[in-house]
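Each chain is listed here by its residues.
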Amino acid sequence: MTLPSPPMSLLAELTHRCPLSCPYCSNPLELERKAAELDTAGWRSVLEQAAELGVLQVHFSGGEPMARPDLVELVALARDLNLYSNLITSGVLLDEAKLEALDKAGLDHIQLSFQDVTEAGAERIGGLKGAQARKIEAARLIRASGIPMTLNFVVHRENVARIPEMFALARELGAGRVEIAHTQYYGWGLKNRDALLPSREQLQEATRAVEAERAKGGLSVDYVTPDYHADRPKPCMGGWGQRFVNVTPSGRVLPCHAAEIIPDVAFPNVQDGTLSDIWNCSPLFNMFRGTDWMPEPCRSCERKEQDWGGCRCQALALTGNAANTDPVCSLSPFHDRVEKAVEEASEKPELLYRRF
Ligand code: SF4
Ligand code: FES
């Protein structure tokens, strides 16, 4: 049997606990509680197994990974195992002493998330009073520490017009890189889609702002566009079971952060099997790997090894079957569902916040 290539990245969701409650959170609707979380030994074993399997980089994520008191120990272990480490954080729990400890442990990069540039906008989305000032202070501390930093802004209908101010803030804070990521509509984002989805005109304006900033130079800009306005899907996760492995706080091993919505399949757990066996042999990881599972129109499409049929979770959420072509694709027989969602996005936002 030919084994699949090893994953490049591990997304370690250390905890679902978080002081913020963003209505587009990528965590599942069923959040895992503290009592269910892997302990330090459990996470150490995940990192060791990941390195042995061939993983090159680990993204410490959450929830808010800084809520875990063993974060520094895990970062130090990642360094010992030669894993490139990235911390994905809201910054609201960061202070000078914690940053110094992370730096000493060998942390390679920090991705600091912002909900907006205005205090009111940030508090409306994140739901935490005073968060913006704490984030700005966190950015200053990170900048002073010398750890490379990317600022991440998730954009949606309410803040998309402020992209130029987001770039200005990134420059002011000395970030080398900024990511402008349109909301992805799974889980909490899907629940709030009608309130968050930007109009086509807003998207065009956003794209112009990104292009103008890139033309200036000096700031590296990543731009994640919203699927719903595209006519071909993105290669979600670089293909199912091909590049990424995701471990949830309780040790479930998934091909993407949203995969727990896939029906009729067992979700493997690192407490019951090795990461290598799960990656190579589990029914979940093999379900949509490669191209053999594809229906038409993907099966005979020339893009099938570029976008891998798009996103399985989006196909399930919008068509009821994860094995369908992602309906973002204009060749999908369900593409009208995406067009309808764009038309129906409401101008009266009622946000449903992420909560336990
Ligand atoms: Fe991609 Fe399938 Fe659409 Fe072809 S038909 S572009 S493989 S989603
Ligand atoms: Fe699960 Fe795209 S989010 S495959």
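Everything discussed here concerns the structure shown above.
To keep things clear, this report deals only with the structure shown in the data block. For clarity, every value in this text was computed on a predicted model and none was experimentally measured. (Residues numbered from 1 in each chain as written. Chains lettered and ligands numbered in written order. Predicted model: local features only at pLDDT ≥ 70, side-chain atom pairs only at ≥ 80, totals over all residues. Heavy atoms only, no water.)

1. Describing the overall build of the protein chain
Each helix and strand in the protein chain was counted, giving 13 helices and nine strands. On C-alpha atoms alone, the protein chain measures out to a radius of gyration of 20 Å, which is about the 21 Å that the 2.2 N^0.38 rule sets for 356 residues. Here the C-alpha coordinates of the protein chain stretch approximately 55 × 50 × 40 Å along the principal axes. Residues counted as buried form 54% of the 356 residues belonging to the protein chain. Residue pairs at least 24 apart in sequence account for 72% of intrachain contacts in the protein chain once pairs closer than 6 positions are excluded. (Helix = DSSP H or I, 4+ residues; strand = E, 2+ residues; numbered from the N terminus. Rg over C-alpha atoms; globule rule 2.2 N^0.38 Å. Buried < 20%, exposed > 50% of the residue type's maximum accessible area, 1.4 Å probe, protein only. Contact = heavy atoms within 4.5 Å.)

2. Details of the pairing of strand β4 (residues 109–114)
Burial analysis of β4 places six of its six residues in the buried class, which makes it a mostly covered element. Side chains of β4 alternate between two faces, with His109, Gln111 and Ser113 and Ile110, Leu112 and Phe114 buried alike. Pairing of strand β3 (residues 84–89) with β4, which is carried by four bridges, proceeds in the parallel orientation. Bridge pairing links Ile88 to Gln111 in β4. Considered for its hand, the β-α-β crossover made up of β3, helix α3 (residues 96–105) and β4 is right-handed. Two elements, β4 and strand β5 (residues 149–155), share five bridges in a ladder whose sense is parallel. Residue pairing across strands places Gln111 opposite Thr150, the latter belonging to β5. (Pairing = 2+ DSSP bridges. Right-handed = clockwise from strand over helix to strand, strands pointing away.)

3. Overview of the site of ligand 1
As a structural note, the neighbourhood of ligand 1 is formed by Arg232, Pro233, Pro297, Cys298, Cys301, Arg303, Lys304, Asp307, Gly309, Thr325, Cys329 and Leu331. Considered class by class, the residues forming the shell around ligand 1 number six nonpolar, two polar and four charged. (Near = heavy atom within 4 Å. Nonpolar A, V, L, I, M, F, W, Y, C, P; charged D, E, K, R; others polar.)

4. Observations concerning the environment of Glu73
You can see Glu73 is positioned in helix α2 (residues 71–80). The spacing of Glu73 and Phe356 is 283 residues in sequence and 27 Å in space, taken between C-alpha atoms.

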